[in-house]
Amino acid sequence: MSTANPQPLWQPDPERIAKARITRFQAWAAEHHGAPAEGGYPALHRWSVDQLDTFWKAVTEWFDVRFSTPYARVLDDRAMPGARWFPGATLNYAEHALRAAADRAGEPALLCVDETHEPRPVTWSELRRQVGSLAAGLRALGVRPGDRVSGYLPNIPQAVVALLASAAVGAVWTSCAPDFGARSVLDRFQQVEPVVLFTVDGYRYGGKEHDRREIVAELRRELPTLRAVVHVPLLGTEAPEGALEWSALTAGDTEPVYEQVPFDHPLWVLYSSGTTGLPKAIVQSQGGILVEHLKQLGLHCDLGPGDRFFWYTSTGWMMWNFLVSGLLTGTTIVLYDGSPGHPDTGAQWRIAERTGATLYGTSAAYVMACRKAGVHPARDYDLSRVDCVATTGSPLPPDGFRWLHDEFAESGADLWIASVSGGTDVCSCFAGAVPTLPVYTGELQAPALGTDLHSWDPSGRPLVDEVGELVVTQPMPSMPIHFWNDPDGSRYHHSYFDTYPGVWRHGDWITLTSRGSVIIHGRSDSTLNRQGVRMGSADIYEVVERLPEIRESLVIGVEQPDGGYWMPLFVHLAPDAVLDENLLNRVKQAIREQLSPRHVPDEIIEVPGIPHTLTGKRIEVPVKRLLQGTPLDKAVNPGSIDNLALLAFYEELARKRA
Ligand SMILES: CC(=O)CC(=O)O
């Protein structure tokens, strides 16, 4: 594998290496903590996992983390799950996110962009004022540390203010994007029982207004724990009866009061859909996210004051939380609320240009779409401030690397391309950006610091230059502290620790190359992951099978060799039903409205039946393997299938598509 691309696509020049924050961190850590001064990133990474406690202590000192009470140890219990980080310490995430307000009050903390693509700044002092006012408002509403505060909000400044105000109070933030249908939102928020809901009346997307007032009314009816609803009038409507006005709650001129909470106090709940049951409600801690994101954003992404950080995301994806954490490094963050391709495919490049983004992140799928559409980013937009284009959501295919590289090289720019990968589960990256390392086509630069990343075979043997399971063998601070409503921890355990006891198995296929880079090959289980948004097949079955014409269904997400993602929905129809235009449209409409536009499959295909295991579970992984071209005898264990003959259909389909 690693001999396939012996020449790097890109090399950082000596000036970039010298200026990189990670270079300065290494020199400082060598002087103060015994890190290796020589050997560059590989040596620093080795040290960071061999001396895990010292590394994280160094991170807190380098970034001047303010503990209001000191910690007794860095890592108390190293067991996974159950590791305890910085016991005894208290701090507040929001206080760190707003630090730059002290000396850069008039500079922009946020640049907010809608589909007009005109950036509107919110200064650090204004952001702090609004957070202070809202935190006081939440306290006045009786919100206490540990209470859940929810947002049904797009990527607008109000969402950032509400997250930070919740964190300031010690409340637990959770959000869904407003293109989520009522069922999707309730499947998430009903689990965590929020006491406050921040909501818009609707949103604009692709040049159209989408009124969400009926859905908001349904959320209010179905969330009995709500004590307050706060109305953000994005479409200019009146607050519904009983709702509070955003403007009233944020009008005060109050210094934020930051609740000092234990390091492992919950910061937010993120959701990740699996193949069965409700989405996993993943809880990450204030301290864990603080230090992990300082490391990722400050050292790996090389962000700091003076930078502008734009990542195309929505509040329903962990990349939004990651984006907000850009504030921790004193960076200006760019919030874009709109369609990724409105009014044309080049939209995101135009936003990067107009906001002066220095790090622009997007999905690999968007890069590939631009390539296909003949967009010429560096020729047609002034991207001279863009230092790094980063991608995630799915691995960036080799053609995507080459296209980005060539487009920028033609205009004389020296572009660092960072393909990164992690997940909602850690709200971070296991591997990705390193400003001081070369980039090889199709590869992530290296495992992240403090991340003991390996590729293992089924018996737990480490592999190099071979595809294996992505595992992390030592704890990371941003691993979930628990799942919500999982009192005995069994769901948490089952999600990551069943395969290799005491070791995090993420569910991705990975290769660690002998030159230290990383290749991600897609999901090793059947979770749907479209442009980084993980979706539960169970959600789709529930909606589709409510239609009387559909007897049963099967949805599969297949990573394509060209970097695309094909998500067919197979339907077994009820007797006499016909898969005509009308039924096709009703299936799509049901999915779009009750889940989200992202859940709508690429194709709906009638099948003679859905195969199951002997215990009645639909067999998603074997069908996925068949569709990826694996021969039948290697894709399934025939003795475990209820009707083997049904698999012939999928085998034939794979043959036709090959
Ligand atoms: C960092 C990531 O891994 C984001 C994603 O693809 O979910």
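What you see is a predicted model, and the numbers here were worked out from it, not measured in a lab.

What counts as what
- Residues numbered from 1 in each chain as written.
- Predicted model: local features only at pLDDT ≥ 70, side-chain atom pairs only at ≥ 80, totals over all residues.
- Heavy atoms only, no water.
- Pairing = 2+ DSSP bridges.
- Helix = DSSP H or I, 4+ residues; strand = E, 2+ residues; numbered from the N terminus.
- Axes fitted to C-alpha atoms, helices over the stretch in contact; angles between N-to-C directions.
- Contact = heavy atoms within 4.5 Å.
- Salt bridge = Lys/Arg side-chain N within 4 Å of Asp/Glu carboxyl O.
- Buried < 20%, exposed > 50% of the residue type's maximum accessible area, 1.4 Å probe, protein only.
- Domains from an automatic or database assignment.
- Buried area = accessible area lost by both parts, 1.4 Å probe.
- Polar contact = N/O pair within 3.5 Å; in protein donor to acceptor, adjacent residues only side chain to side chain.
- Nonpolar A, V, L, I, M, F, W, Y, C, P; charged D, E, K, R; others polar.

Across the sheet, three strands lie side by side as 29-32-33; this open sheet has mixed pairing. In this open sheet, the two strands that pair with only one neighbour each are strand 29 (550-555) and strand 33 (603-606). The average angle at which neighbouring strand axes cross in this sheet is 25 degrees, direction not considered. Together, strand 29, strand 32 (568-573) and strand 33 form the strand contacts of helix 22 (residues 647-657), whose direction differs from that of strand 33 by roughly 135 degrees.

So, about the pattern of salt bridges. Scanning the entire structure with this criterion turns up 35 salt bridges. The partner of Asp76 in a salt bridge is Arg84, and the shortest N-O contact between them spans 3.5 Å. Exposure remark for Asp76: the relative accessible area of 32% places this residue in the partly exposed category. Among the ionic pairs, Lys280 bridges to Asp425, the shortest N-O distance being 3.8 Å. You can see Lys280 sitting in strand 13 (residues 280-285) and its partner Asp425 sitting in the loop between strand 19 (421-423) and strand 20 (428-432), a full 145 residues away along the chain. This pair shows no difference in class: Lys280 is buried, exactly as Asp425 is. Put simply, Arg16, Asp387 and Asp414 are held in one network by salt bridges that share partners.

Moving on: the domain arrangement of the chain. Each domain of the chain was delimited in the assignment, giving domain 1 (54-339 + 479-497) and domain 2 (525-657). Taking the mean C-alpha position of each, domain 1 and domain 2 sit 34 Å from one another. Of the residues lining the interface, 16 residues belong to domain 1; the matching set on domain 2 comes to 21 residues. When the two sides are added together, the surface that domain 1 and domain 2 hide from each other amounts to roughly 1,300 Å², 43% of it contributed by carbon and sulfur. Counting every contact that joins domain 1 to domain 2 gives one salt bridge. In this structure, the salt-bridge partner of Arg598 is Asp179, at a minimum N-O distance of 3.7 Å. Counting across the interface, domain 1 meets domain 2 through one residue pair in polar contact (both at pLDDT 80 or more). Per-element tally for the side of domain 1 that touches domain 2: the top contributor is helix 8 (residues 182-192), with four residues. A class-by-class count of the residues in the side of domain 1 that touches domain 2 yields three nonpolar, nine polar and four charged.

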